[in-house]
Amino acid sequence: MQHELTPELRTLQAEIEGHARDHGLDFFEIVYQVLDWEEINEVAAYGGYPVRYPHWRHGMQYTELSRSYAYGLSKIYEMVVNNDPTYAYLLAANHLVDQKLVMAHVCGHGDFFKHNFSFAHTNRKMMDGMANHAARVRRYMERHGEDEVERLLDRCLSIDNLIDYNAPHIKRHPSVPQTTEEPRRAPRKLRAKQYMDSYINPEAALEAEQERLDEAQRRDEHFPPHPEKDVMLFLLEHAPLKNWERDVLGIVREEAYYFAPQGRTKIMNEGWASYWHSTLMTTRILTPDEFIDYADHHSGTMAPYAGSLNPYKLGLELWRDIEERWNKGRYGAAWDECDSYQERQGWDTGEMKGRGKIFEVRRHYNDLTFIDEFLTADFVRKHGLFTYEFNPISGEYVISDRDFGAVKEKLLFQLTNFGQPWIEVTDGNFLNRGELVLGHRYEGVPLKLDFARETLENVQSLWKRPVHLETYIEDEPRLMSYDGEEHTSEKRTEG
Amino acid sequence: MVRRIERDRRRFEEIVRGRIKQDLKRHITRGELIGRKGNEIVSIPVPQIELPHFRYGRRETGGVGQGEGEIGQPIGGSQGDEGAGQAGDAPGQHIREVELTIQEMAEIMGEELELPRIQPKGSKSLTTPKNRYTGIKRAGPESLRSFKRTYKEALKRQIASGVYDPRRPRIVPVREDLRYRSYQQDPVAVANAVIVYMMDVSGSMGNEQKEIVRVESFWIDTWIRAHYDGLVTRYIIHDAQAHEVDRETFYTTRESGGTRISSAYQLATDLLAQDYPTDEWNVYLFHFSDGDNWGGGDDERCFQLLQERLLPAANLFGYGQVESRYGSGQFLHSLESHLSAENLVLSRIEDRDAILPSIKAFLGKGK
């Protein structure tokens, strides 16, 4: 199978990238591979990489992709990998107009990968990284058996969301562990002549100080001293694992950190790429006879799927909205305070700062801050956003609210910490018996219980000693425990 | 070159099959006829294998959507896992329909029950060409003109040549725009295997017994179907008299009369003689009864029909005796003591759990 671009496509690539750079997009070198549908499904199942470690879930994704392709339900249009050079894939059977669209779209992604702050700390040589991981996992499989390694992978993957998504950007605390025991801290006495001592250093003050110091020391010697959000790291450093097991856990953790920024900028990233493919295609690239096919495919990608939000669509519209607002000066105090409908409708200061603004926004925001800052009441009304919830009586999901505040709150909830519960290690030596306690910061939404139990089992199999989870069940604080044999759950008091 | 993904795909399949194998038994014992789409595909809802995570239940969280609708109106579509901007991480119920062809289904069952492959007799299966309209051509009879394709071509041409005016959209196709549906010839198998199901519907056969027959015959059907390109099924019910009926009636009828098994065997004999010459057809006969038969020499008449007409004609004759409170169960013993032939299989089905072993007994000979 020939994977190189044909001369025709190569010319096209140069042309499209030229247009993109004219508009100020900046990306690493883009390397295209032309694949047939089986190959593209394989690469897609591996998350965009030609080589990944063996695991059945890739097979599951592949099966699903091939079936839905074979039945004509879905087709992969574009796939692009955050790497330097940026790798992207084209489906060989696609029509030329589709290839153009994909190339224009990829320029957008390439620019976003290179410039958005979320990707600043990602490994830009991940193509090699993934291949290395694959080689190591295969070697372990040869040595320790497929089943054993795969079982471990299942366990590690089951906790791959227990990482600290902000960790690449923030240094929380020194990672050097305390090894020697610290003597008891004593209060510092002020210098005083002996006969003055009881005045200058009164007994009561000393005692209070001593108590404070003891408390601080207890806290510092607590293990871990601060709750650890990166549960995978904690296990990596402290769980009694064999070296190869530790390596596998490390691999899964590294890949989780690598993929996280893509999940956290999905709306922005897809919107940005869509904004640029539509801008480039309609102003520069399309020939008249391609218009209908282009419009057909563009609208296909933008269609909201049955009731739920399409990140491509939401992102694209938000980018356009921001551009328009900054072009017409619809921001700032004067705009916010104006409540005349007439005046707002005709508001246009002719600033034309839109382009500059969106380039600035694509650098400094992620989905959470993007929605928080740029989702407006007008936008929500104009695009018909709503919240939905489950109605236990009818057994259906029903539209619950169209209010701006409610929509925004729900969206932010879904984007904060990936829309996932905040779980951290609160105690690594519970009851001084080496048991592990995970704490769930409860926000009024309970965990899915059966999953929580199974995940707890997986944590236990890594930690080896009993593990506990502080959470809420039916609004009541509970301590769920698993000791390797059975699950228990008891009421706990908030401490 | 073996592609890398093959290993992962096989691995996943093994896991799913593991699940289906366990489910297979459940499906059979629950008597659930797996939803049959068209003729070729069965779809089995299999929970997608999702690794557990600490996460919220979707029902508790709800979400954000876009579109029309009043408050309180249900939102349509399946609520899959793809929520707003959360690369597959949105909470969601994962029920995945794994679609298997009947062929795959049969494979799995065959593997599970260690069934030998059937050796068909007679000539290779016959085929006849059939036209299927799947393609598009530039020339053809007007009656096959594809309006949509023609319109699209005309629209494209007009836009490309600048004739199209969006304010007055008038599309006039010219000769080059015309597109016609065209056909392809596919060989379609002509049936050369027939299954005749016979069932005692006398008063002593209750719903429970019929359910067992229904489930068992579905699986027998599935297995035999997998070995023949075409398969015909015929249904006969009998009490003191026998009738040929359709599938629906076969499973739902309940009579109250007495039982004369020979009537069914006679009808089957006639059916075969009339429609299915034995040298070309693979014939499968299955008879389900509770084993109660009238006296007065009817048993002897049955033995005679079997011996002289049915057994020589059939690849396989299966007699399944479903236990019922009212039946004496005598017929099985009589058959056992009077007849023995290589292609006669007797099986007793006490309850639903006995369905699988019974299928194995019937089909285990590879006939």
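Residues numbered from 1 in each chain as written. Chains lettered and ligands numbered in written order. Predicted model: local features only at pLDDT ≥ 70, side-chain atom pairs only at ≥ 80, totals over all residues.

Here we look at the overall build of chain A
Argument step 1. When its secondary structure is counted, chain A shows 20 helices and 10 strands.
Argument step 2. Classification of the 495 residues of chain A by burial places 36% in the buried group.
Argument step 3. Considering only intrachain contacts with a sequence separation of at least 6, the fraction spanning at least 24 residues in chain A is 70%. (Helix = DSSP H or I, 4+ residues; strand = E, 2+ residues; numbered from the N terminus. Buried ≥ 20, exposed ≤ 12 C-beta atoms within 10 Å, placed from the backbone. Contact = placed C-beta atoms within 7 Å.)

Things to note about the overall build of chain B
Argument step 1. Across its full length, chain B holds 10 helices and 12 strands.
Argument step 2. Across chain B, contacts joining residues at least 24 apart in sequence account for 79% of those joining residues at least 6 apart.

Section: the packing of helix α17 (residues 367–374) of chain A against helix α19 (residues 404–415) of chain A
Residues and elements named next belong to chain A.
Argument step 1. The interhelical angle for the contact between α17 and α19, taken along N-to-C directions, is 165 degrees, at an axis separation of 9 Å. One way to sum up the angle between α17 and α19 is to call them roughly antiparallel. Between α17 and α19 the crossing geometry is left-handed. In contact with Asp367, Leu368, Ile371 and Asp372 of α17, α19 contributes Leu411, Leu412 and Leu415.
Argument step 2. The residue makeup of the contact of α17 with α19, split by class, is five nonpolar, no polar and two charged. (Axes fitted to C-alpha atoms, helices over the stretch in contact; angles between N-to-C directions. Parallel < 35°, antiparallel > 145°, perpendicular 65-115°, else oblique. Left-handed = near helix turned anticlockwise from the far one by under 90°. Nonpolar A, V, L, I, M, F, W, Y, C, P; charged D, E, K, R; others polar.)

So, the nonpolar core
Residues and elements named next belong to chain A.
Argument step 1. Residues Val43, Ala104, Cys107 and Trp276 are the most contacted members of the largest nonpolar core, which totals 68 residues.
Argument step 2. Two domains each put at least three residues into this core: domain 1 (7–116 + 265–296) and domain 2 (303–415).
Argument step 3. The residues touching Ala104, leaving out its near neighbours within four places in the chain, are Ile16, Trp276, His277, Leu280, Met281 and Ile285. (Core = buried A, V, L, I, M, F, W, Y, C linked by C-beta atoms within 7 Å. Domains from an automatic or database assignment.)

Some words on the sheet that holds strand β3 (residues 86–91) of chain A
Residues and elements named next belong to chain A.
Argument step 1. The strand order β1-β3-β2 describes an open sheet built from three strands, whose pairing is mixed. Among the strands making up the open sheet, the edge pair consists of β1 (30–35) and β2 (79–81). Neighbour to neighbour, the strand axes of the sheet diverge by 20 degrees on average, direction disregarded.
Argument step 2. Helix α2 (residues 37–45) contacts β1, β2 and β3 of the sheet and is inclined by roughly 140 degrees relative to β3. (Pairing = 2+ DSSP bridges.)

Observations regarding unusual backbone geometry
Residue and element names in this part refer to chain A.
Argument step 1. With omega at 0 degrees, the peptide bond leading from Asp84 into Pro85 counts as cis.
Argument step 2. Look at Asn432: it is not a glycine, yet its phi comes out positive at around 55 degrees.
Argument step 3. Here Asn432 is to be found in the loop between β6 (422–430) and β7 (435–441).
Argument step 4. A residue is classified by how many C-beta atoms lie within 10 Å of it, and Asn432, with 6 of them, is exposed.
Argument step 5. A positive phi angle, close to 75 degrees, is found at Lys464, a residue other than glycine.
Argument step 6. On the secondary structure map, Lys464 appears in the loop between α20 (449–463) and β8 (467–473).

Describing the interface of chain A and chain B
Argument step 1. On the chain B side, the residues contacting the 67 residues of chain A number 50 residues.
Argument step 2. Taken together, the residues of the side of chain A that touches chain B break down into 35 nonpolar, 20 polar and 12 charged.

Notes on helix α7 (residues 261–275) of chain B
Residues and elements named next belong to chain B.
Argument step 1. In this model α7 runs 22 Å from its N-terminal to its C-terminal C-alpha over 15 residues, within 8% of the 21 Å that 1.5 Å per residue would give.
Argument step 2. Within the span of α7, buried status applies to Ile261, Ser262, Ser263, Ala264, Tyr265, Leu267, Ala268 and Leu272.
Argument step 3. Looking at the buried side of α7, the elements it contacts are β7 (193–200), β8 (232–238), β9 (242–245), β10 (282–289), α8 (298–313) and α9 (330–338). (Expected span 1.5 Å × (residues − 1).)

Regarding α20(A)
Residue and element names in this part refer to chain A.
Argument step 1. Between its first and last C-alpha, α20 extends 21 Å over 15 residues, near the 21 Å set by a 1.5 Å rise per residue.
Argument step 2. Of all the residues in α20, the buried ones are Ala452, Thr455, Leu456, Asn458, Val459, Gln460, Leu462 and Trp463.
Argument step 3. Buried residues along α20 sit against α6 (146–158), α9 (231–238), β7, β8 and β9 (476–482).
Argument step 4. Backbone geometry just after α20 places Lys464 at a positive phi near 75 degrees.

Things to note about the sheet that holds β7(A)
Residues and elements named next belong to chain A.
Argument step 1. What the five strands build is an open sheet, ordered β6-β7-β8-β9-β10; its pairing is mixed. Edge positions in the sheet fall to β6 and β10 (487–491), since each of these pairs with one other strand and no more. Averaged over all neighbouring strand pairs, the angle between strand axes comes to 25 degrees, with direction disregarded.
Argument step 2. Where β8 meets β9, seven bridges bridge the pair, whose relative direction is antiparallel. Counterpart to Thr471 in the pairing with β9 is Arg478.
Argument step 3. Contacting β6 and β7, α9 crosses the sheet at an angle of about 25 degrees to β6.
Argument step 4. Running over the sheet, α20 touches β7, β8, β9 and β10 and is turned about 160 degrees from β8.

Details of the pairing of strand β5 (residues 396–401) of chain A
Across a regular strand the side chains alternate sides, sitting on one face of the sheet and then on the other.
Argument step 1. Both strand β4 (residues 385–391) of chain A and β5(A) contribute to a ladder of five bridges, which runs antiparallel. By the bridge assignment for β5(A), Glu389(A) is matched with Val398(A).

Considering the environment of Phe223(A)
Residue and element names in this part refer to chain A.
Argument step 1. Among the secondary structure elements, Phe223 is positioned in the loop between α8 (203–221) and α9.
Argument step 2. Residues Phe223 and Leu436 lie 213 residues apart in sequence; the distance between their C-alpha atoms is 10.0 Å.
Argument step 3. If we skip the residues at most four places from it in the chain, Phe223 touches Gly428 and Asn429.

Side note on the environment of Gly315(A)
All names here are of chain A.
Argument step 1. Locating Gly315 in the fold gives a position in helix α13 (residues 311–327).
Argument step 2. Given 25 C-beta atoms within a 10 Å radius, Gly315 is considered buried.
Argument step 3. Sequence spacing of Gly315 and Glu270 is 45 residues, and the spatial spacing of their C-alpha atoms is 6.5 Å.
Argument step 4. Beyond its immediate sequence surroundings of up to four residues, Gly315 is in contact with Ile267, Met268, Glu270, Gly271, Trp272 and Ser274.

Notes on the packing of α7(B) against α8(B)
Residues and elements named next belong to chain B.
Argument step 1. The geometry of α7 relative to α8 is characterised by a closest axis approach of 9 Å and an angle of 25 degrees between their N-to-C directions. Overall, the two elements α7 and α8 adopt an arrangement that is roughly parallel. The interaxial crossing formed by α7 with α8 has left-handed handedness. In contact with Ile261, Ser262, Tyr265, Gln266, Ala268, Thr269 and Leu272 of α7, α8 contributes Asp298, Arg301, Cys302, Leu305, Leu306, Arg309, Leu310 and Ala313.
Argument step 2. Its residues assigned to classes, the contact of α7 with α8 comprises nine nonpolar, three polar and three charged.

With respect to the confidence of the model for chain B
Residue and element names in this part refer to chain B.
Argument step 1. Residues at a pLDDT of 70 or more form 78% of chain B, whose mean pLDDT is 76.
Argument step 2. Residue range residues 27–40 is modelled with pLDDT below 50. Its contacts to residues more than four positions away, or to other chains, number 21 contacts.
Argument step 3. In this model residues 77–97 is a low-confidence stretch, pLDDT under 50, and it forms 58 contacts with partners more than four residues away in sequence or in other chains.
Argument step 4. Across the predicted assembly, pTM comes out at 0.68 and ipTM at 0.82. (pLDDT = per-residue confidence, 0-100.)

Describing the environment of Glu470(A)
Residue and element names in this part refer to chain A.
Argument step 1. By the element assignment, Glu470 lies in strand β8.
Argument step 2. Of the residues examined, Glu470 has 20 C-beta atoms within 10 Å and is grouped as buried.
Argument step 3. Along the sequence, Glu470 and Arg441 sit 29 residues apart, while their C-alpha atoms lie 8.6 Å from each other.
Argument step 4. Ignoring any residue separated from it by four or fewer positions in sequence, one finds Glu470 in contact with Val437, Gly439, His440, Leu479 and Arg492.

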